[in-house]
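Report on the structure
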Amino acid sequence: MTRFKSILVATDFSVDATHAVRKAALLAEHHAARLTLLHVVNPAGFKPLRQWFAPSIDVDLKAAQARATLRRFAAEINGRHGVPARCRVVVGESFDEIRRASEGADLVVLGQRGRNPIKDLVTGSTADRLLRSCRRATLVVKQPLDRFYRSILVPVDFTACSQACLQSAASLVQTADIHVFHALDPVEEFEMRMAGVPAAVIRDHSDIVDRKAHDRMHGIAAKAGVESSRVRTIVRRGPAWACALDQADKVGADLIVIGKQGTSTMAEFFLGRVTRRLLARSKCDVMVMPRAAVEAACARPDLALRPDHSRRVSCLSSSR
């Protein structure tokens, strides 16, 4: 299994960002990873103050306050998790600075919503913009830290991206159950019914298609190095995003791991329809694996997690 060696969490001290900091700390402990806390002071927000004071006073004050807050977070994290966190405060535009800092991390952790909802309505949230262009695995935190991840849903389409997502999901938390999910297009069955094919024939055909899908999912899970005892495969028919959201609710998933594959430079700035809708409508946290992160995961050697966190879980049977 691979593990994350360097984790970056960006915070604007909003409620969602604080949830992100605490989950990042838990992950840093689990992976024995370096943890960096980042806050960006945007000078554009202080124009009215600069009309009355020296240009640097308001920014310097805000930066000093941010450093003090980050140090309090770092002390809490070190005391609770034994993880020494690095604190960084930079001046600039949030999106640009977080994206630049992300290049030195394996995993970027963000809260879903920031402190400026009006700006988000106009330009899109920093999290949305980063997910469209960031080259690192990005975890969007939606829920407070009441427990570690126990149930992870991984939608797959049988590409190399699917295998990398499974590998990352399994290594993120080695004790979590992995629900491998695939949505089939219902058009074929509909066309068979419209052509008058007997219901028994359609049913037999569907069973064969389902079995093949289950076998393929177990196959890519094995290639990803996921223990079979942790894996449950699910096949459903219908729109992938809607089925995935419904399945996440059914299995009580507290995390969805999904890939975002761009095939060109321009494509990297757009989220796929399934990814976008899962991010917008899921109740649980979502981790997005962009193409660059997939390629990096495929190229990295297997690394074991700390043994004190490992355990075996009961075998779960496959279900449709």
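In this report, we go over the structure that sits alongside the text. Predicted model only: the values in this text are computed from it and were never measured. Residues take numbers from 1 onward in each chain, read along the sequence in its written order. It should be noted that, the model being predicted, local features are given only for residues of pLDDT at least 70 and side-chain atom pairs only at 80 or more, the latter also being counted only at that level, while totals for whole chains, interfaces and linings use all residues. Hydrogens are left out, water is left out, and the side-chain values use all remaining heavy atoms of the structure.

Attention now goes to the overall build of the protein. Each helix corresponds to a stretch of at least 4 residues labelled H or I by DSSP, and each strand to a stretch of at least 2 residues labelled E; elements are numbered beginning at the N terminus. Of the regular secondary structure elements, the protein holds twelve helices and ten strands. Going through the 320 residues of the protein one by one, you find that 49% of them count as buried. Total accessible area on the protein is roughly 15,700 Å²; 54% of this is exposed by carbon and sulfur atoms. We call a residue buried when its accessible area falls under 20% of the maximum for its residue type, exposed when it is over 50%, and partly exposed in between, using a 1.4 Å probe and counting protein chains only. Residue burial considers only the protein chains on display, and all accessible areas are found by Shrake-Rupley using a 1.4 Å probe.

What counts as a ring pair is set by centres within 6.5 Å for rings of Phe, Tyr and Trp (its six-membered ring), and what kind of pair is set by the plane angle: stacked under 30 degrees, edge-to-face over 60, tilted for all other angles. Applying the stated criterion across every chain yields a total of two aromatic pairs. When the centroid spacing of 6.3 Å and the interplanar angle of 20° are considered together, the rings of F13 and F73 count as stacked. Remark: F73 occurs in helix α3 (residues 55-81) and F13 occurs in the loop between β1 (6-10) and α1 (15-31); sequence separation between them is 60 residues. Accessibility expressed as a relative area gives 10% for F73, which makes it buried. The interplanar angle of 25° and the centroid separation of 6.1 Å between the aromatic rings of F148 and Y149 together place this pair among those described as stacked. Only lysine NZ and arginine CZ atoms are considered, and such an atom sits over a ring when it is within 6 Å of the ring centre and within 35 degrees of the ring normal. For R216, the ring lying beneath its charged end belongs to F158, and the centroid distance is 4.0 Å.

Once that is clear, we can look at the pattern of salt bridges. By convention in these notes, a salt bridge is any Lys or Arg side-chain nitrogen within 4 Å of a carboxyl oxygen on Asp or Glu. One pass over the structure, following the stated rule, counts twelve salt bridges. For R193, the salt bridge goes to E189, with nearest N and O atoms at 3.8 Å. Of this pair, R193 and E189 both sit in helix α8 (residues 187-194), four residues apart, roughly one helical turn. E189 gets classed as buried once you look at its relative accessible area, which sits at 16%. R237 serves as the salt-bridge partner of E189, at 2.8 Å between the closest nitrogen and oxygen. Taken as a pair, E189 in helix α8 and R237 in strand β8 (residues 231-237) lie far apart in primary sequence, 48 residues in all. Among the charged side chains, a salt-bridge network with shared partners connects E189, R193, D210 and R237.

The next point concerns unusual backbone geometry. A negative phi angle is the norm for most residues apart from glycine, just as the trans form is the norm for most peptide bonds. Notably, F13 is not glycine yet its phi reads approximately 70°, a positive angle. A positive phi angle is found at A32, which is not glycine, with a value near 50°. Looking at the secondary structure, you find A32 in the loop between α1 and β2 (34-41). On the accessibility criterion, A32 (44% relative accessible area) is partly exposed.

Time to look at the sheet that holds β2. Pairing between two strands requires that DSSP report at least two bridges joining them. Taken in spatial order, the ten strands make up an open sheet running β3-β2-β1-β4-β5-β10-β9-β6-β7-β8, and their pairing is mixed. Two strands close off the open sheet at either side, each with one partner strand: β3 (85-91) and β8. Each strand of the sheet is rotated relative to its neighbour by a mean of 25°, with strand direction disregarded. As paired elements, β1 and β2 share five bridges and run parallel to each other. Each bridged residue has a counterpart across the sheet, and for I7 the counterpart in β2 is L35. In this analysis, two residues are considered to be in contact whenever any of their non-hydrogen atoms come within 4.5 Å of each other. Simply put, an axis is a line fit to the C-alpha atoms, just over the touching stretch for a helix, and the angle between two N-to-C directions goes from 0 to 180 degrees. Across the face of the sheet, helix α11 (residues 273-281) comes into contact with β5 (137-141), β6 (151-155), β9 (255-260) and β10 (285-290) while running at roughly 150° to β9.

Soluble globular proteins: nonpolar side chains tend toward being buried together. Grouped together as the largest cluster of nonpolar side chains are 59 residues, with contacts concentrated most on I7, L35, L37 and L107. Beyond its immediate sequence surroundings of up to four residues, L107 is in contact with F4, S6, I7, L8, L27, A137, T138, L139, L172 and M287. We define a nonpolar core as any set of buried Ala, Val, Leu, Ile, Met, Phe, Trp, Tyr and Cys residues linked to one another through side-chain atoms lying within 4.5 Å. Counting 20 residues, the second-largest nonpolar core is a separate cluster that includes L131, L153, L245 and A248.

Looking now at the environment of A33. Looking at where A33 falls in the secondary structure, it is placed in the loop between α1 and β2. Separated by 30 residues in the primary sequence, A33 and R3 place their C-alpha atoms 8.6 Å from one another.

Here is the key point about a regular strand: its side chains alternate between the two faces of the sheet. Counting buried positions along β10 yields six of six residues, so the element is predominantly enclosed. Taken together, the six bridges between β9 and β10 define a ladder with parallel strand orientation. For V257, the partnering residue across the bridge sits in β10 and is M287.

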